[in-house]
Amino acid sequence: MNLTIVAGARPNFMKIAPIIHEINRIKKHNSFINYRLIHTGQHYDQNMSDSFFKQLNIPSPHINLNCGSGSQAEITSSIMISFEKELIKNKPDLVLVVGDVTSTMACAITSQKLKIKVAHVEGGIRSGDWSMPEEINRLVTDSITNYFFTTSEYANNNLINEGVDKKNIYFVGNTMIDTLIANKSKFKKPSIWKSLDLKKKSYIIITLHRPANVDEKIKLEKLLNEILNNSNGLEIIFPMHPRTKVVFDKLNIFNSKLHVIEPLSYLEFNFLVLNSFAVITDSGGITEESTVMNIPCITLRDNTERPETVIEGTNELIGTDPKNIKPTFHKLLSGKWKQGKIPKFWDGKTSKRIVKHMLTFK
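The structure displayed is predicted, hence computed values, not measured ones.

Caption draft 1: Highlighting the environment of Leu 65. Summarising the element assignment, Leu 65 is placed in the loop between β3 (63–64) and α3 (72–89). By relative accessible area, Leu 65 is classed as buried at 13%. Along the backbone, Leu 65 and Ser 82 are 17 residues apart, and their C-alpha atoms lie at a distance of 6.4 Å.

Take a look at the structure:
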């Protein structure tokens, strides 16, 4: 089998890395499967240096299409034009797309136009919120996908309810957790650990980047003040997304317990998560990682495409209203946070299952 694997953003590489490791492992045993890794260049990320690939043992892409500037429509069309040329030059038997970025949708469409089958890792996840570009990407991608690799029974049911044939749905687990487990022993202390003399469970870590939380000064200020006023003296560590920093710098928030720092590497950030008292976020991926690490997670969103982290895991979805923070902190600090469990197949072996299934595709 000749396989083309598509990645468009940093999290995509962390999701496909264990799949490539498994392909390389079985190739040593004479299994016929070759791959090309395509980076569409959709997101420019200054943290995606050579060290990013080396730290996580992620192979460098065979080609970068450099399609990262412009509006949503411009990026989509740019990816489709460049990816079509790549597929014509190096036609595979199957294209593997991951997650829900624009590259996922654009490359799925381009592949099907050239009569190349598509497999979608993380197929079937839904937030129900059409205001999110990612939700549109998921819906379009899954409407033309041939094979679905799913992370949960909730995703399976979404696909079945949308008319997908059960025989094309493969419940395999979560490749992001494969990467987490494979790298846990390599987590490392960031410099702030020493400079603040941090101790385990002595701090809360925040990540915020969604427009509903960070685009309006008043909203962001209220959220942060509620967190600071109700955190009972815990240190607040905030690796700040550039989008958030633009608005934050216009605020008048000065608190000795709030520590705004530059974005961290994967290994440093997850060291902080693993040793934190709790996480506050609006990111989907962090809710998955905190669930596996058994860390309380407060999600400032009105919906989630990962309900298993709430129903089974350590995550609580509290919405974006700052007034919800005080009662949530009372629950957290009084020791009444729920005991989560790790969802089925989030065991570090998802990539083995994916590759095993792909070898049966015709």
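Next comes the rest of the description.
Caption draft 2: Highlighting the sheet that holds strand β6 (residues 147–150). Strands sit in the order β3-β2-β1-β4-β5-β6-β7 across an open sheet of 7 strands; the sheet is parallel. Either end of the sheet is taken by a strand with one partner, and the two such strands are β3 and β7 (169–171). Where strand β5 (residues 117–121) and β6 come together, 3 bridges link them in parallel fashion. Across the sheet, the residue bridging to His 120 is Phe 148, located in β6.

Caption draft 3: Fine view of the packing of aromatic side chains. Overall, the coordinates contain 8 aromatic pairs when judged by the stated rule. Centre to centre, the rings of Phe 171 and Phe 345 are 5.0 Å apart; their planes meet at 65°, and the pair counts as edge-to-face. Of the two residues, Phe 171 is situated in strand β7 and Phe 345 in the loop between α15 (325–333) and α16 (350–358); the sequence distance between them amounts to 174 residues. By relative accessible area, which is 16% here, Phe 171 ends up buried. Note on Phe 345: relative accessible area 26%, which makes it partly exposed. Seen from their ring centres, Trp 193 and Tyr 203 are 6.0 Å apart, and the 85° between their planes marks the pair as edge-to-face. Of this pair, Trp 193 sits in helix α8 (residues 191–195) while Tyr 203 sits in strand β8 (residues 203–207), and the two are 10 residues apart along the sequence. Among the residues examined, Trp 193 registers a relative accessible area of 12% and is labelled buried. An aromatic cluster is present here, built from Tyr 147, Phe 149, Tyr 170 and Phe 361 joined pairwise through their rings. Over the aromatic face of Trp 337 sits the side chain of Lys 331, whose NZ or CZ is 5.5 Å from the ring centroid.

Caption draft 4: A look at the pattern of salt bridges. Here the structure, examined in full by the defined rule, presents 20 salt bridges. Note that Arg 25 is salt-bridged to Glu 22, the shortest N-O span being 2.8 Å. In this pair, Arg 25 and Glu 22 both sit in helix α1 (residues 10–27), 3 residues apart, roughly one turn of the helix. Looking at Glu 22, the relative accessible area reads 8%, which means it is buried. Residues Arg 36 and Glu 86 are paired through a salt bridge, measuring 2.8 Å at the closest nitrogen-oxygen approach. Of the two residues, Arg 36 is situated in strand β2 (residues 34–39) and Glu 86 in helix α3; the sequence distance between them amounts to 50 residues.

Caption draft 5: Quick peek at helix α4 (residues 102–113). The end-to-end C-alpha distance of α4, which contains 12 residues, comes to 17 Å, matching closely the 16 Å that a straight helix rising 1.5 Å per residue would cover. For α4, the buried fraction is high: 9 of the 12 residues fall into the buried class. All buried positions along α4 are accounted for by Thr 102, Ser 103, Thr 104, Met 105, Ala 106, Cys 107, Ala 108, Thr 110 and Ser 111. In this structure, the buried side of α4 is in contact with β1 (2–7), α3, β4 (94–98), β5 and α5 (133–143). Immediately downstream of α4, the backbone of Lys 115 shows phi near 60°, a positive value.

How each quantity is defined
- Residues numbered from 1 in each chain as written.
- Predicted model: local features only at pLDDT ≥ 70, side-chain atom pairs only at ≥ 80, totals over all residues.
- Heavy atoms only, no water.
- Helix = DSSP H or I, 4+ residues; strand = E, 2+ residues; numbered from the N terminus.
- Buried < 20%, exposed > 50% of the residue type's maximum accessible area, 1.4 Å probe, protein only.
- Pairing = 2+ DSSP bridges.
- Phe/Tyr/Trp six-rings, centres within 6.5 Å; stacked < 30°, edge-to-face > 60°.
- Lys NZ or Arg CZ within 6 Å of the ring centre and 35° of its normal.
- Salt bridge = Lys/Arg side-chain N within 4 Å of Asp/Glu carboxyl O.
- Expected span 1.5 Å × (residues − 1).
- Contact = heavy atoms within 4.5 Å.

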